[in-house]
Amino acid sequence: MHSPEGVAGLCLIVLLAAMAFAAPLLYPGDPLAIVGRALTAPFTDPALPLGTDRLGRDVAAGLMHGARTSLLVGLATALVALAAGTLVGTVAGLAGGLMDEALMRVVDAFQIVPGFLLALAFVSVTGASLPVIILAIGLSAWTGPARLVRAEVLSIRERDYVAAARVIGMHPAEVALREVLPNALPPVLALTAVIVATAVLVEAALSFLGLGDPNVVTWGSMIAEGRNVLRTAPHLSMVPGLGLVATVLGVYLLGEGLADAMAGRKARG
Amino acid sequence: MTGFLISRRNLFLGTGALMTAALPMARAWAEDAPRGGRLVVAADSEPRSLNPAIVASNGVFFIASKVVEPLAEAMLDGEGGLAPRLATSWEGSEDGLSITFKLREGVTWHDGEPLTSADVAFSAMEVWKPLQNLGRVVFANLDTVETPDAHTAIFRFSAPTPIQLIRNALPVVTSVLPKHLYEGTDIAANPANKAPVGTGPFKFAEHRPGEYYRLTRNDAYWGEGLPKLDEIIFRVLPDRAAAGSALEAGEIQLAAFSQVPLVDLERIAKVPGLKVVTEGYEALTYQLVVEINHRNEILADRKVRQALSHAIDRDFVVDTVFLGYAQAATGPVPQNAPQFYNPDVKPYSFDIEGANRLLDEAGYPRGEDGKRFSLRLLPAPFFSETRQFGDYLRQALGKVGIDVTLVNNDTPAHLKAVYTDHDFDIAVGSPVFRGDPAISTTILVQSGIPDGVPFSNQGGYANAELDTIIDQATETIDTEARTALYNDFQRIVVEDLPLINVAEWGFTTVASDTVLNVGNNPRWAVSNWADTALSR
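Source: prediction; values computed, not measured.

Regarding its fold elements, chain A presents 10 helices and 0 strands. Along chain A, from the amino end to the carboxyl end, the secondary structure elements read α-α-α-α-α-α-α-α-α-α. Projecting the C-alpha coordinates of chain A onto the three principal axes gives extents of approximately 75 × 45 × 30 Å. With 269 residues in all, chain A has 44% of them scored as buried. Look at the contacts in chain A between residues 6 or more apart in sequence, and 69% of them connect residues 24 or more apart.

Okay, structure coming up:
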């Protein structure tokens with residue numbers, strides 16, 4: 001964990017996490033509240049450092065609270081995707097045969113539909129709220145971990161120590177949880193960075209299209225609002241846009257750093 | 001006659017005296033408006049049908065009104081607010097049971113056939129009355145249309161029908177279709193619905209989906225020296241932000257219906273060669289309303305509804321959401337409809353304390369967390385303004401202790417949720433006032449309307465007194481008595497608040513300076529554009 005990318009990524013993520021945690025302290029109350037004159041330019045009013053939007057809502061408050069939503073969606077989606085993917089992958093890999101075939105065809109079915117369309121369809125049918133959006137994005141994100149875990153499990157289950165565990169009479173579930181899974185997980189964790197970054201972007205895109213949860217601030221909805229006034233008040237789109245760039249870049253760099261560190265440890269070990 | 005109107009509009013800034021003096025000169029100027037040229041206009045949607053006789057909506061009229069003409073068009077200084085088109089005169093009988101139209105002679109359809117009273121009779125009996133969204137209401141009591149000669153049509157009604165209503169409805173509901181193309185076919189599926197044949201100043205030439213509609217000059221048009229333009233192209237630009245850039249780049253010369261977002265108007269007005277025109281929408285007033293589901297027992301309490309109305313700062317909505325391009329509403333009839341507007345209705349002031357008091361009185365005190373009760377709000381997705389007002393309303397009601405959850409839907413889902421499933425507490429809507437309350441306004445509060453009729457009373461509101469007034473007014477022939485009934489109607493609606501009127505707005509047109517005669521009648525954007533011209 002000494003690569004410059006990793007450190008830069010870590011700094012960005014820590015900064016964003018700090019923003020997310022500080023948001024309710026610095027800007028208590030509803031970040032969607034109307035607090036000033038509409039379309040105040042940034043850096044003109046000390047009370048509203050980043051100005052206000054079309055209705056007079058504080059852009060800085062939106063940025064901070066938006067970080068909460070984005071990080072929450074990113075992490076929650078990763079959790080959902082990893083949990084579902086690992087479960088399906090492990091079962092498929094260990095069970096083999098018909099079970100394996102059936103589960104992998106289900107994975108294929110989800111993979112051939114573009115993830116964003118899947119999320120779009122799911123949200124427009126069920127209605128937008130944060131848990132639904134997380135589920136919708138997770139719906140397409142779990143297939144990557146599932147395939148990876150299955151591949152790892154297939155190779156690990158033939159190892160001698162797994163065979164030994166079986167021979168001494170361990171329950172298949174115990175074999176899976178104590179012997180196979182811990183060794184199959186590290187490469188999957190490297191995938192987390194990609195899932196988080198994708199989830200943040202998909203959530204922003206959904207909100208941009210008006211399919212986000214309208215009762216919470218998200219960067220995507222802020223950009224969508226700002227788009228109408230792009231020519232007169234470009235900062236309304238740029239501020240949340242920069243937030244998105246920082247998040248995705250931070251997560252990606254951190255992921256790279258972690259992967260490097262793990263590869264290094266493996267090489268040394 | 002059209003010349004008169006043009007001059008009036010263009011000399012708008014002159015004083016009355018100056019205008020009168022300038023009239024002959026101005027008329028000469030208008031007739032001199034150059035002929036020829038191609039006008040490229042932004043179109044923000046591609047209506048599935050271009051038949052205004054079936055779908056009388058602004059989206060269809062915007063393109064089809066240049067091809068298919070009504071019996072009369074709205075006009076600022078015309079007699080009864082009308083300018084003759086396919087009819088030259090109309091007269092109601094004393095008993096209100098018949099109206100006689102004299103039709104213009106020498107008018108031919110775009111395929112060369114002559115226009116006769118049989119076309120009008122066919123349109124009325126086979127299309128307007130049974131098929132048209134608004135004609136169903138206006139012509140509900142129409143029995144037969146007699147055609148004693150080729151240029152006379154006598155409409156006979158089974159119950160007294162006010163001539164005032166028919167007059168006000170003429171521009172919107174009476175687009176005449178060619179009988180020889182529609183008779184004996186499935187009218188709703190006729191190919192002429194997509195490639196209309198009419199009598200208007202422009203012929204329909206082609207539609208390339210996703211690209212453009214092309215209309216060409218009708219050389220056999222009945223109006224002398226009209227139309228001025230050779231061709232009109234409606235370029236499909238669904239992205240509202242794109243219209244402004246296209247205007248600046250000179251790719252299009254005109255964008256109507258506020259296609260250029262209000263926030264960009266100030267900037268674009270300063271661009272040399274472009275002008276912002278706010279006239280031409282006087283008879284197309286949109287109303288911003290809060291629709292209420294009276295099935296919710298909290299909202300069934302009048303005091304709660306009044307509190308809601310007091311909690312809304314209408315000036316803020318006008319200034320911030322509409323950037324001043326709107327007017328605060330006082331009731332269900334907009335102020336720019338002087339025929340019907342009742343100036344005595346008492347508007348609701350912005351009064352947070354009053355709202356809080358009313359809610360306390362109604363028995364909904366604030367809870368521990370400062371909240372009284374929760375409501376689901378469905379803002380209509382039709383305009384960015386309706387959505388923005390939804391955002392504002394959530395904040396405004398939060399201030400008086402009402403916890404509001406926004407539910408965003410796309411258009412089909414919104415229509416279904418509000419008008420069919422009644423799955424809402426409050427909704428933001430944008431009905432249109434079309435010159436007479438009986439056309440599309442009373443339906444917003446009348447009871448007994450079947451589920452699924454969009455833009456009607458689907459909130460379960462029923463008020464016998466109001467229903468009686470509405471029924472009476474549809475059969476009152478005497479104009480004064482009818483207006484008095486509608487004054488009562490406004491008073492009761494404002495008092496009892498079946499819905500809350502917040503603001504009323506028209507649209508803006510942005511056009512190149514070379515486009516002449518823009519916005520010179522109260523329905524300009526959806527009129528026939530025969531006198532619209534391009535200077536060189």
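Having seen the model, we can carry on.
In terms of helices and strands, chain B carries 17 helices and 22 strands. By the compact-globule yardstick of 24 Å for 536 residues, chain B fits well, its C-alpha radius of gyration being 24 Å. Oriented by its inertia axes, the alpha-carbon framework of chain B measures out at about 75 × 55 × 50 Å. Taking all 536 residues of chain B together, 51% fall into the buried category. Contacts in chain B between residues at least 24 apart in sequence constitute 69% of all its contacts with a sequence separation of at least 6.

Our focus in this paragraph is the sheet that holds strand 7 (residues 152-157) of chain B. Residue and element names in this part refer to chain B. If you walk across this open sheet you meet the 4 strands as 4-5-7-6, and the pairing is antiparallel. Strands with a single pairing partner mark the edges of an open sheet, and in this sheet they are strand 4 (87-92) and strand 6 (142-149). Neighbouring strand axes in the sheet, compared pairwise and without regard to direction, differ in orientation by 20 degrees on average. Two strands pair when backbone bridges link them, and strand 6 and strand 7 are joined in this way by 5 bridges, in the antiparallel orientation. Each bridged residue has a counterpart across the sheet, and for Val145 the counterpart in strand 7 is Phe155. Its contacts with the sheet place helix 4 (residues 117-131) against strand 5 (98-103), strand 6 and strand 7, and it is angled at close to 170 degrees to strand 6.

Attention now moves to the interface of chain A and chain B. In this assembly, 20 residues from chain A lie in contact with 17 residues from chain B. For the side of chain A that touches chain B, the class distribution of residues is 9 nonpolar, 7 polar and 4 charged.

Residue and element names in this part refer to chain B. Most of helix 10 (residues 302-311) sits inside the fold, with 8 of its 10 residues counted as buried. Those residues of helix 10 not exposed but buried are Val304, Arg305, Gln306, Ala307, Leu308, Ser309, His310 and Ala311. Where helix 10 is buried, its residues contact strand 13 (285-292), helix 12 (352-361), helix 13 (384-398) and strand 19 (499-505).

Before going further, it helps to spend a moment on the pairing of strand 17 (residues 426-429) of chain B. All names here are of chain B. Here strand 17 shows two buried faces, one formed by Ile426 and Val428 and the other by Ala427 and Gly429. Sheet topology note: the strand 15 (residues 373-379)/strand 17 ladder contains 3 bridges and is parallel. Paired with Leu377 across the two strands is Ile426, which belongs to strand 17.

Ile137 and Ala199 of chain A together with Ala255, Val290, Val317, Val502 and Ala503 of chain B are the most contacted members of the largest nonpolar core, which totals 219 residues. Looking at this core element by element, the count peaks at 16 residues for helix 8 (residues 172-208) of chain A.

Another point: the sheet that holds strand 8 (residues 202-208) of chain B. Residue and element names in this part refer to chain B. Across the sheet, which stays open at both edges, the 7 strands sit in the order 8-9-10-1-11-20-12 with mixed pairing between neighbours. Edge positions in the sheet fall to strand 8 and strand 12 (274-277), since each has one partner strand and no second. Note that strand 9 (residues 212-217) and strand 10 (residues 231-236) share 5 bridges and pair antiparallel. When the bridges of strand 10 are listed, Leu215 appears paired with Ile232.

Here we come to the packing of helix 10 of chain B against helix 12 of chain B. Residue and element names in this part refer to chain B. Look at helix 10 against helix 12: their axes get within 8 Å of each other, and the N-to-C directions meet at 165 degrees. Relative to helix 12, the element helix 10 is oriented roughly antiparallel. The two elements helix 10 and helix 12 meet at a crossing, and its hand is left-handed. Counting all contacts with helix 10, which are made through Lys303, Val304, Gln306, Ala307, His310 and Ala311, the residues of helix 12 involved are Ile352, Gly354, Ala355, Leu358, Leu359 and Glu361. Grouping the amino acids of the contact of helix 10 with helix 12 by side-chain chemistry returns 7 nonpolar, 3 polar and 2 charged.

In this section: helix 8 of chain A. Residue and element names in this part refer to chain A. An ideal rise of 1.5 Å per residue puts 54 Å on 37 residues; helix 8 reaches only 47 Å between its terminal C-alpha atoms. In helix 8, a bend of some 50 degrees at Leu181 exceeds every other bend along the element, and Pro182, a proline, comes one to four places later. Following helix 8 by one or two positions, Gly210 has its phi on the positive side, about 85 degrees.

Along the chain, Leu226 of chain B connects to Pro227 of chain B via a cis peptide bond; the corresponding omega equals -10 degrees. Mapped onto the elements, Pro227 of chain B comes out in the loop between strand 9 and strand 10. The backbone of Leu39 of chain A shows a phi angle near 55 degrees, a positive value even though the residue is not glycine. A positive phi angle, close to 60 degrees, is found at Asn517 of chain B, a residue other than glycine. By the secondary structure assignment, Asn517 of chain B is in the loop between strand 21 (515-516) and strand 22 (533-534). Taking the number of C-beta atoms within 10 Å as the measure of exposure, Asn517 of chain B has 23 and is therefore buried.

To continue, consider the environment of Val432 of chain B. Residue and element names in this part refer to chain B. Summarising the element assignment, Val432 is placed in strand 18 (residues 432-433). Residue class for Val432 comes out partly exposed when judged on the 18 C-beta atoms lying within 10 Å of it. For the pair Val432 and Asn457, spaced 25 residues apart in sequence, the C-alpha to C-alpha distance is 14 Å. With sequence-adjacent residues up to four places away left out, Val432 is seen in contact with Leu284, Thr285, Tyr286 and Ser440.

All names here are of chain A. Relative to the helices and strands, Pro42 resides in the loop between helix 1 (4-26) and helix 2 (59-95). Here Pro42 falls in the partly exposed class, since 17 other C-beta atoms lie within 10 Å of it. Sequence separation between Pro42 and Ala146 is 104 residues, and the spatial gap between their C-alpha atoms is 46 Å.

Residue and element names in this part refer to chain A. Along the chain, the position of Phe110 falls in helix 3 (residues 97-112). Note on Phe110: 15 C-beta atoms within 10 Å, which makes it partly exposed. Expressed as a C-alpha distance, the spacing of Phe110 and Leu253, which sit 143 residues apart in the sequence, is 28 Å. With residues up to four places along the chain from it excluded, the contact list for Phe110 reads Ser140 and Thr143.

Residue and element names in this part refer to chain A. Interaxial distance between helix 2 and helix 5 (residues 130-141) falls to 8 Å at its minimum, and their mutual angle equals 45 degrees. With respect to each other, helix 2 and helix 5 are oriented oblique. Crossing angle aside, the handedness with which helix 2 passes helix 5 is right-handed. Packed against helix 2, whose contacting residues are Val73, Ala76, Thr77, Val80, Ala81 and Ala84, the element helix 5 presents Ile133, Ile134, Leu135, Ile137, Gly138 and Ala141 at the interface. Each residue belonging to the contact of helix 2 with helix 5 can be placed in one class, and the counts come to 10 nonpolar, 2 polar and no charged.

All names here are of chain B. In this model, chain B carries a mean pLDDT of 87, and residues with pLDDT of at least 70 account for 94%. Confidence scores differ between elements of chain B, with helix 1 (residues 2-10) showing the lowest mean pLDDT of 39 and helix 10 the highest of 96. Contacts for the low-pLDDT stretch residues 1-29, under 50 throughout, to residues beyond four places or in other chains number 31 contacts. Two summary scores accompany this predicted model of the complex, namely pTM at 0.83 and ipTM at 0.83.

Cut-offs used in this document
Residues numbered from 1 in each chain as written. Chains lettered and ligands numbered in written order. Predicted model: local features only at pLDDT ≥ 70, side-chain atom pairs only at ≥ 80, totals over all residues. Helix = DSSP H or I, 4+ residues; strand = E, 2+ residues; numbered from the N terminus. Buried ≥ 20, exposed ≤ 12 C-beta atoms within 10 Å, placed from the backbone. Contact = placed C-beta atoms within 7 Å. Rg over C-alpha atoms; globule rule 2.2 N^0.38 Å. Pairing = 2+ DSSP bridges. Axes fitted to C-alpha atoms, helices over the stretch in contact; angles between N-to-C directions. Nonpolar A, V, L, I, M, F, W, Y, C, P; charged D, E, K, R; others polar. Core = buried A, V, L, I, M, F, W, Y, C linked by C-beta atoms within 7 Å. Parallel < 35°, antiparallel > 145°, perpendicular 65-115°, else oblique. Left-handed = near helix turned anticlockwise from the far one by under 90°. Expected span 1.5 Å × (residues − 1). Bend = angle between axes of the 7 residues up to and from the residue. pLDDT = per-residue confidence, 0-100.

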